[in-house]
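One letter stands for each residue in the lines below.
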Amino acid sequence: MPNFSPIIPLPILLIVFAAYLWTMWALWKQEKGKRPLHLIFRLMATLLIFFCALKPAWKVSQTISSKQSIYILIDSSQSMEVKDEFPSRYKNALALLEKHQDQIDKLDRVNVEVRFFDLKLHDTEPADYGSASSISNAIASCLQEDSKIRAFMILSDGIHNYGQDLEKVIYTINQNESNVYFVPFGKEELRGEFSDVSISQLRSPEFIQEKQELKIKFKTEIKGLKGQAQIYELIHDGRVLASQSLIAKSNHDIEEIEMILPAKKLKPSYNLLEIKAQARKSEITPLDNQAKRLVFVREEGLKVLLLATAPSADYKFLRRTLESNPHFTLTSPSPFLLQSSKAKDFWAAHSLDDFDLLILCRPNPNLLAKSFFNDLYEVATLNKKGLLIFSGTELNKYLAQDLAFADSLPSSPNGAQIEQEIDFDAIDESHFISKNLKDFNLNEFSLSGITYPSRPHPGSQVILSSPLSPLIITRNWKQSRLGVIQTNALWQFNLNKKSDFYHELMTRLVYYLCAREDDLKDMLNVKSNKLNYSQEEKVFFTANLKNEEGEKVKDAQINLILDEKLHLMSAQELSYSYQKVFDSNGLLNYKAKSKVKDELLESLPAQLYIQSEFHELKDITTNRKLLTALSEKTKGSEVERSKFSDWLNKMNQSGRVNSVSLQVKKTPLWDNFYILSLILLFFSLEWYWRKFRN
């Protein structure tokens, strides 16, 4: 298309051009009878000059059409592998798209984009099914990618178990004036004959010793496999460490299984174990055929024997504290075992002389061997041992009879037990056990329970006391160190946000009674309150920082490192904390870093595991309610598979096409070698003809 841009206004240029033509005509008339060809050459050259003055150019333009988009999102998570419709939900979704592919290719008013989604959005079909599904993340990613989305078509079973809040995404969809339509796959209720195996409620100790066997229990639910054998494997690092077979007694069998892993099968460290049920071809879904649990195997440290003949809060919290310390090797038989005939087997395999510290948590002497206290007295008298006793009614009755053993203890019972609100009136700030506890404000503590009045023996030291009686008292006896706790209320510190006090107190008490004070070196440590969590459960991290003198460091900056990301921990009264809810599952690495007097400190690395556990036969059913709510709130609807073609035509007809004309190229016709050459040629001919021919 031609285009002109005159160097002077066009009217003036036309007047000049007309005047020039009149002048040329006048010259031609003056030389009548001759052939003034030089004037013709001059005219040609001048015409070319006027042509250049117009600055002509050839402009090429292009019209660009902008269409709206339709995003077809296909769910590629594991739940789409379910075979409640033949051959499976996922294959039927692909078949629906393939059936209408020719029609999609012919749509002229909308662009169609196909994406796959699970935890993430995929441009092409993924090789493996995703472990979870996030409809909200998929839609949000598409909206970031394209701002002209007319509508979404979701081919899914509606199982949304990960990602951001759907309500926030719905708001963004409405702001973008898009609509969400869906085609559901699967059934809202599983019926008919099918087989399935699931594993749930995996349980085991979180901390064990290197020389201790590991017992793992779990629940398995078996459907449609009556009389058939199902194999379960215990796997670590890809190796099968143990296996067990179960034959289903009915077509819906629920069994509790216990697998025992012999000692020394695991190395001292964190070990992620997996219980896996072998999948079957006929199984409706392989979801939850496995479960994982993190177990910490400790190297042998201070060997502690904790005995109780009945469950109690003191026993529970003390055991948890001792188990969580990697420097203690804890042996703690179940209180119910000591009440049973199997107690003989336990004592046949263990000797009191094997342990550095013996803890009696209010045992009933009648449930122990008759020679137990005589043996205990002999071991404590002749060897360098530690002994810690929790006072109790039955035990105090026994001490009134066994005077020799009672006289060796830090105190003797003196009067009946007292139930009261416990106040603290003294703490020995010079003793190893309690010298760092002076930072805690004991007046803030509120405990309620029983105290056991006593009469201190010569040489005893009161560590913590109330107005009516000592609460913790110790004594050196021969080569051993003995301690007595004369209340049943200390465990309540764990309920009053004073668990740090309880942990510090009990840890130091153990080191002192074992005469191993120099081994307590922990300037910076961090821990979570357990190793295994379920998804969406709040995880608490606690860190402690001490200087070289063992005193608590306040108001320091401690960074918690979670999988290489830094998080600043909040300073509490005497510790530092951080809490977080993890919406993803898997193994998590963490540690803490800080600085004291220009010295960089780093805690030992630790791990925890977050398990996503759900009932698969319930949670794999199609969630039509979620898809319906999502479509209604965005002015969309459900689309039947038979009407998918009609929906495509409707979207194509309602699609908006915006056309924009853009200048692609502009080529000047005057500013080139050929035009300049012609001008020079005609002027040369004019000069030659005028000078030599006329």
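Residues numbered from 1 in each chain as written. Predicted model: local features only at pLDDT ≥ 70, side-chain atom pairs only at ≥ 80, totals over all residues. Heavy atoms only, no water.

**With respect to the overall build of the chain**
Inference 1: Of regular secondary structure, the chain possesses 17 helices and 37 strands.
Inference 2: Since a compact globule built from 694 residues should have a radius of gyration of about 26 Å, the 43 Å found for the chain marks it as more spread out than a globular shape.
Inference 3: C-alpha extents for the chain along the principal axes are approximately 160 × 70 × 45 Å.
Inference 4: Taken across its 694 residues, the chain has 48% of its residues classed as buried.
Inference 5: In the chain, the share of contacts with a sequence separation of at least 24, taken over all contacts with a separation of at least 6, comes to 74%.
Inference 6: A total of about 36100 Å² of accessible surface is found on the chain, and carbon and sulfur atoms cover 51% of it.
Inference 7: Separation between the mean location of the 87 positive side-chain charges and that of the 86 negative ones in the chain comes to 10 Å. (Helix = DSSP H or I, 4+ residues; strand = E, 2+ residues; numbered from the N terminus. Rg over C-alpha atoms; globule rule 2.2 N^0.38 Å. Buried < 20%, exposed > 50% of the residue type's maximum accessible area, 1.4 Å probe, protein only. Contact = heavy atoms within 4.5 Å. Areas by Shrake-Rupley, 256 points an atom, 1.4 Å probe, with all protein chains shown as cover. Lys, Arg positive; Asp, Glu negative; His and termini not counted. Charge placed at Lys NZ, Arg CZ, Asp CG, Glu CD.)

**Some remarks on the sheet that holds strand E7 (residues 196–203)**
Inference 1: Read from one edge to the other, the open sheet built from three strands follows the order E7-E9-E12, with strand pairing classed as antiparallel. Two strands close off the open sheet at either side, each with one partner strand: E7 and strand E12 (252–261). Taking the axes of each pair of neighbouring strands and ignoring which way they run, one obtains an average angle of 25 degrees across the sheet.
Inference 2: As judged from the 10 bridges shared by strand E9 (residues 214–223) and E12, these two strands associate in the antiparallel manner. Bridging across to E12, Ile-222 finds its partner in Asp-253. (Pairing = 2+ DSSP bridges. Axes fitted to C-alpha atoms, helices over the stretch in contact; angles between N-to-C directions.)

**Observations concerning the confidence of the model for the chain**
Inference 1: Residues with a pLDDT of 70 or more make up 91% of the chain, whose mean pLDDT is 84.
Inference 2: Here helix H14 (residues 616–619) stands out as the element of the chain with the lowest mean pLDDT, 52, in contrast to strand E6 (residues 179–184), whose mean of 95 is the highest. (pLDDT = per-residue confidence, 0-100.)

**Some words on the sheet that holds strand E11 (residues 239–247)**
Inference 1: Judged by pairing direction, the sheet is mixed, and its five strands sit side by side in the order E8-E14-E13-E10-E11 without closing on themselves. What marks the edges here is a single partner per strand, and that holds for strand E8 (207–209) and E11. Adjacent strand axes in the sheet meet at a mean angle of 30 degrees when their direction is disregarded.
Inference 2: Pairing of strand E13 (residues 269–277) with strand E14 (residues 290–298), which is carried by eight bridges, proceeds in the antiparallel orientation. Bridging from a neighbouring strand, Ile-275 pairs with Ala-291 of E14.

**Overview of helix H16 (residues 644–654)**
Inference 1: Buried residues of H16: Phe-644, Trp-647, Leu-648, Met-651 and Asn-652, and no others. All buried residues of H16 project into a common sector of 135 degrees when viewed along the axis, lining one side. (Arc of directions from axis to C-beta.)

**Overview of the packing of aromatic side chains**
Inference 1: Evaluation of the coordinates by the stated rule reveals 18 aromatic pairs.
Inference 2: On the numbers, 6.3 Å between centres and 50 degrees between planes, the contact of Tyr-71 with Phe-152 is tilted. Of this pair, Tyr-71 sits in strand E2 (residues 56–75) while Phe-152 sits in strand E5 (residues 149–156); the two residues are 81 residues apart in sequence, bridging distant segments of the chain. For the pair shown, Tyr-71 and Phe-152 are each scored as buried.
Inference 3: Between Phe-218 and Tyr-232 the ring centres are 5.6 Å apart and the planes differ by 50 degrees, which places this aromatic pair in the tilted class. Separated by 14 residues along the polypeptide, Phe-218 in strand E9 and Tyr-232 in strand E10 (residues 229–236) bring together distant segments of the chain.
Inference 4: Its relative accessible area of 0% is what places Phe-218 among the buried residues.
Inference 5: Just above the ring of Trp-477 sits the side chain of Lys-478; from NZ or CZ to the centre is 5.3 Å. (Phe/Tyr/Trp six-rings, centres within 6.5 Å; stacked < 30°, edge-to-face > 60°. Lys NZ or Arg CZ within 6 Å of the ring centre and 35° of its normal.)

**Some remarks on the pairing of E6**
Inference 1: In terms of burial, E6 is a largely internal element, six of the six residues being buried.
Inference 2: Going residue by residue along E6, you find Asn-179, Tyr-181 and Val-183 tucked away on one face and Val-180, Phe-182 and Pro-184 tucked away on the opposite face as well.
Inference 3: The pairing of E5 with E6 spans six bridges and is classified as parallel. Bridge pairing links Ser-156 to Pro-184 in E6.

**Comments concerning unusual backbone geometry**
Inference 1: The omega angle of the peptide bond from Phe-86 to Pro-87 is -5 degrees, so this bond is cis rather than trans.
Inference 2: Counting through the fold element by element, Pro-87 comes out in the loop between E2 and helix H3 (89–99).
Inference 3: Here the phi dihedral of Glu-564 falls at roughly 75 degrees; this positive angle occurs in a residue that is not glycine.
Inference 4: You can see Glu-564 is positioned in the loop between strand E30 (559–562) and strand E31 (565–568).
Inference 5: We note that Lys-635 has phi near 60 degrees; this positive angle belongs to a residue other than glycine.
Inference 6: Tracing the sequence through the fold places Lys-635 in the loop between helix H15 (624–632) and H16.

**Looking at the pattern of salt bridges**
Inference 1: Using the criterion set out here, one finds 18 salt bridges in the structure.
Inference 2: Salt-bridge contacts for Lys-633 lead to Glu-167; the nearest nitrogen and oxygen are separated by 2.7 Å. Here Lys-633, found in the loop between H15 and H16, pairs with Glu-167, found in helix H6 (residues 166–175); they are 466 residues apart in sequence, far enough to count as distant.
Inference 3: For Lys-633, a relative accessible area of 43% gives the class partly exposed. (Salt bridge = Lys/Arg side-chain N within 4 Å of Asp/Glu carboxyl O.)

**With respect to the pairing of strand E26 (residues 480–485)**
Inference 1: Taking burial as the measure, the six residues of E26 include six buried ones, the bulk of the element.
Inference 2: Judged by which residues are buried, E26 turns out to be covered on both faces: Ser-480, Leu-482 and Val-484 on one side and Arg-481, Gly-483 and Ile-485 on the other are all buried.
Inference 3: Bridge analysis of strand E18 (residues 386–390) against E26 gives five bridges, and the strand direction is parallel. Pairing of Leu-388 across the sheet is with Gly-483, part of E26.

**Re the packing of helix H7 (residues 313–323) against helix H13 (residues 499–513)**
Two numbers describe a pair of packed helices, the interaxial angle and the distance between the axes.
Inference 1: Running from N to C, H7 and H13 cross one another at 75 degrees; their axes reach a closest spacing of 10 Å. Considering their axes alone, H7 and H13 lie roughly perpendicular with respect to each other. On H13, the residues touching Asp-314, Phe-317, Leu-318, Thr-321 and Leu-322 of H7 are Tyr-502, His-503, Met-506, Thr-507 and Val-510.
Inference 2: Grouping the constituent residues of the contact of H7 with H13 by class yields six nonpolar, three polar and one charged. (Parallel < 35°, antiparallel > 145°, perpendicular 65-115°, else oblique. Nonpolar A, V, L, I, M, F, W, Y, C, P; charged D, E, K, R; others polar.)

**Focus on the environment of Pro-410**
Inference 1: One can find Pro-410 in the loop between helix H12 (403–408) and strand E19 (411–413).
Inference 2: Of the residues examined, Pro-410 reaches a relative accessible area of 0% and is grouped as buried.
Inference 3: Between the C-alpha atoms of Pro-410 and Ala-349, which are 61 residues apart in sequence, the distance is 30 Å.
Inference 4: Beyond its immediate chain neighbours, meaning those up to four positions away, Pro-410 contacts Arg-455, Pro-456, His-457, Ser-460, Ile-473, Thr-474, Arg-475, Leu-482, Gly-483 and Val-484.

**Points about a nonpolar patch on the surface**
Inference 1: Together, Leu-21, Trp-25, Trp-28, Ile-40, Met-44 and Leu-47 line one region of the surface with nonpolar side chains, adding up to about 530 Å² of accessible area.
Inference 2: Taken together, the elements giving at least two residues each to the nonpolar patch come down to helix H1 (10–30) and helix H2 (37–53).
Inference 3: Here Leu-21 is to be found in helix H1.
Inference 4: Among the residues examined, Leu-21 registers a relative accessible area of 37% and is labelled partly exposed. (Patch = residues over 30% accessible without salt bridge, like charges linked within 9 Å, V, L, I, M, F, W, Y side chains within 5 Å.)

**With respect to the packing of helix H5 (residues 135–145) against H6**
Inference 1: At a minimum axis separation of 10 Å, H5 and H6 run at an interaxial angle of 30 degrees. It follows from the interaxial angle that H5 and H6 lie roughly parallel. The crossing of H5 and H6 is left-handed. Contacts between H5 and H6 pair Ser-136, Ile-139, Ala-140 and Leu-143 from the former with Leu-166, Val-169, Thr-172 and Ile-173 from the latter.
Inference 2: In terms of residue class, the contact of H5 with H6 is made up of six nonpolar, two polar and no charged. (Left-handed = near helix turned anticlockwise from the far one by under 90°.)

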